[in-house]
Amino acid sequence: GENVEQHPSTLSVQEGDSAVIKCTYSDSASNYFPWYKQELGKRPQLIIDIRSNVGEKKDQRIAVTLNKTAKHFSLHITETQPEDSAVYFCAGTQGGKLIFGQGTELSVKP
Amino acid sequence: DTGVSQNPRHKITKRGQNVTFRCDPISEHNRLYWYRQTLGQGPEFLTYFQNEAQLEKSRLLSDRFSAERPKGSFSTLEIQRTEQGDSAMYLCASSYLDSIETQYFGPGTRLLVL
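Residues numbered from 1 in each chain as written. Chains lettered and ligands numbered in written order. Predicted model: local features only at pLDDT ≥ 70, side-chain atom pairs only at ≥ 80, totals over all residues. Heavy atoms only, no water.

**Student:** Explain the overall build of chain A here, please?
**Tutor:** The number of helices and strands found in chain A is zero helices and eleven strands. Ordered by position from the N terminus, the helices and strands of chain A form the series β-β-β-β-β-β-β-β-β-β-β. The C-alpha radius of gyration computed for chain A amounts to 13 Å, which stays within 12% of the reference 13 Å derived for 110 residues, consistent with globular compactness. Principal-axis analysis of the C-alpha atoms gives chain A an extent of 40 × 30 × 20 Å. In chain A, which comprises 110 residues, the proportion classed as buried is 44%. Of the contacts made within chain A by residues no fewer than 6 positions apart, 52% connect residues no fewer than 24 positions apart. Looking at chain A, you have 12 positive and 13 negative side-chain charges, and the mean spots of the two groups are 5 Å apart. (Helix = DSSP H or I, 4+ residues; strand = E, 2+ residues; numbered from the N terminus. Rg over C-alpha atoms; globule rule 2.2 N^0.38 Å. Buried < 20%, exposed > 50% of the residue type's maximum accessible area, 1.4 Å probe, protein only. Contact = heavy atoms within 4.5 Å. Lys, Arg positive; Asp, Glu negative; His and termini not counted. Charge placed at Lys NZ, Arg CZ, Asp CG, Glu CD.)

The following block contains the structure:
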């Protein structure tokens with residue numbers, strides 16, 4: 001079955017810097033990779049996703065890249081702001097269900 | 001609010017008691033999923049429904065857990081004879097049939113078993 005590994009587990013950056021979170025997956029048949037942001041006590045919120053027929057997708061300050069050969073994908077946040085502070089989860093898919101990574105706690109210091 | 005809703009938001013119970021949670025998915029979403037999230041971890045899949053049919057259950061879902069989606073709309077998750085290890089956030093998500101992986105989550109029900 002699918003296994004998703006995520007790192008780092010914690011990441012601290014200064015406001016305005018970039019942040020990068022990386023994930024690897026095991027199932028080469030996986031073709032959809034979402035990223036969720038979860039603030040303390042709140043629901044996971046889908047922020048961006050990518051399908052395996054594209055290598056990169058951008059939405060304002062966030063972007064996701066996918067390397068199918070190496071089976072890894074990354075989330076890039078530019079010009080970080082304090083409101084970006086949250087736990088970020090990557091996920092792969094298996095039969096329609098999501099298989100989540102362990103999460104990265106991002107802290108953006110003003 | 002047209003998003004996924006869950007009730008109650010918090011539940012405190014004593015070990016051995018039964019609890020039931022409810023999830024109302026986004027209207028017209030065919031698929032409904034239940035996940036469990038413990039502190040510091042990502043959500044883990046429990047089970048999912050397509051309309052009223054329960055199509056898959058995780059090995060995490062012991063015999064004490066049962067889920068229903070009787071009319072293909074809202075769903076309930078019941079835990080019988082709760083144990084302290086059941087303490088977690090129980091999340092519900094829903095998706096359209098033609099985009100099953102694009103799942104939108106509810107706010108969750110946080111369960112504490114004393």
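From this point, things continue past the structure.
**Student:** Would you mind going over the overall build of chain B with me for this structure?
**Tutor:** When helices and strands are tallied, chain B shows zero helices and eleven strands. N-terminal to C-terminal, the α/β element order of chain B is β-β-β-β-β-β-β-β-β-β-β. Whereas a compact globule of 114 residues would reach a radius of gyration of roughly 13 Å, chain B reaches 13 Å, a difference of no more than 12%. Along the three orthogonal principal directions, the C-alpha set of chain B runs to about 40 × 25 × 25 Å. Residue burial in chain B is summarised as follows: out of 114 residues, 49% are buried. Intrachain contacts of chain B at a sequence separation of at least 6 include 54% that bridge at least 24 residues.

**Student:** Could you clarify how one ought to interpret the packing of aromatic side chains in this entry?
**Tutor:** The relation between two aromatic rings is expressed through the spacing of the ring centres and the mutual angle of the planes. Counted under the stated rule, the structure contains 16 aromatic pairs over all chains. Between Tyr35 of chain B and Phe105 of chain B the ring centres are 5.4 Å apart and the planes differ by 50 degrees, which places this aromatic pair in the tilted class. Taken together, the residues span a long stretch of sequence, with Tyr35 of chain B in strand 4 (residues 31-37) and Phe105 of chain B in strand 10 (residues 104-105) at a distance of 70 residues. In this structure, Tyr35 of chain B and Phe105 of chain B share a single accessibility class: buried. Each member of the aromatic cluster is reached from another via a ring pair, and the members are Tyr36, Phe89 and Phe100 of chain A together with Tyr33, Tyr35, Phe45, Tyr48 and Phe105 of chain B. The cationic tip of Arg22 of chain B hangs over the ring face of Phe74 of chain B; the distance from NZ or CZ to the ring centre is 3.9 Å. (Phe/Tyr/Trp six-rings, centres within 6.5 Å; stacked < 30°, edge-to-face > 60°. Lys NZ or Arg CZ within 6 Å of the ring centre and 35° of its normal.)

**Student:** Is there a simple way to explain the pairing of strand 5 (residues 44-50) of chain B in this structure?
**Tutor:** When a strand is regular, its side chains alternate between the sheet's two faces. Residue and element names in this part refer to chain B. For strand 5, the tally of buried residues reaches five of seven residues, placing the bulk of the element in the interior. Sheet analysis places strand 4 next to strand 5, joined by six bridges and oriented antiparallel. In the sheet register, Arg31 faces strand 5, and the bridge partner there is Gln50. What sits between strand 4 and strand 5 in their antiparallel hairpin is a turn of six residues, with Gly40 showing a positive phi close to 80 degrees. (Pairing = 2+ DSSP bridges.)

**Student:** Hey, could you run me through the nonpolar core in this one?
**Tutor:** Side chains of nonpolar character tend, in soluble globular proteins, to be buried together. Trp35, Phe73, Leu75, Ile77, Tyr88 and Leu106 of chain A are the most contacted members of the largest nonpolar core, which totals 23 residues. For this core, the elements supplying multiple residues, two or more each, are strand 2 (10-14), strand 3 (19-25), strand 4 (32-38), strand 5 (45-51), strand 7 (62-67), strand 8 (72-77), strand 9 (86-94) and strand 11 (104-109) of chain A. Considering each element in turn, this core owes the most residues, four residues, to strand 3 of chain A. The residues contacting Phe73 of chain A, other than those within four sequence positions of it, are Ile21, Lys22, Cys23, Tyr25, Phe33, Trp35, Thr65, Leu66, Cys90 and Ala91 of chain A. Counting residues in hydrophobic clusters, the runner-up holds 19 residues, among them Val4, Leu32, Phe65 and Ile79 of chain B. (Core = buried A, V, L, I, M, F, W, Y, C linked by side-chain atoms within 4.5 Å.)

**Student:** It is not clear to me how the sheet that holds strand 3 (residues 19-24) of chain B should be interpreted in this structure. Could you clarify?
**Tutor:** Residue and element names in this part refer to chain B. Taken in spatial order, the four strands make up an open sheet running 1-3-8-7, and their pairing is antiparallel. The open sheet has two edge strands with one neighbour each: strand 1 (5-7) and strand 7 (65-68). Shown here is a sheet whose adjacent strand axes are inclined to one another by a mean of 15 degrees, direction ignored. Relative to strand 3, strand 1 is paired through three bridges, and the arrangement is antiparallel. Residue pairing across strands places Gln6 opposite Cys23, the latter belonging to strand 3. (Axes fitted to C-alpha atoms, helices over the stretch in contact; angles between N-to-C directions.)

**Student:** I would appreciate a short explanation of the layout of surface pockets in the present structure.
**Tutor:** In this structure, the largest pocket encloses a volume near 620 Å³. Those elements that place two or more of their residues in the lining of the largest pocket are strand 9 and strand 11 of chain A together with strand 2 (10-13), strand 9 (88-95) and strand 11 (109-113) of chain B. For the lining of the largest pocket, a count of residues per class yields eleven nonpolar, twelve polar and five charged. Around the second largest pocket sit 19 residues that line it, and Ile99 of chain A together with Pro43, Glu44, Phe45 and Leu60 of chain B are the ones nearest its centre. With four residues, strand 10 (residues 97-100) of chain A is the largest single contributor of residues to the lining of the second largest pocket. Grouping the constituent residues of the lining of the second largest pocket by class yields seven nonpolar, seven polar and five charged. (1 Å grid on protein atoms, 1.4 Å probe; cavity = no way out; pocket = protein on both sides within 12 Å on 5 of 7 lines; lining within 4 Å. Points joined across faces, edges and corners; volume = space filled by probe spheres on them. Nonpolar A, V, L, I, M, F, W, Y, C, P; charged D, E, K, R; others polar.)

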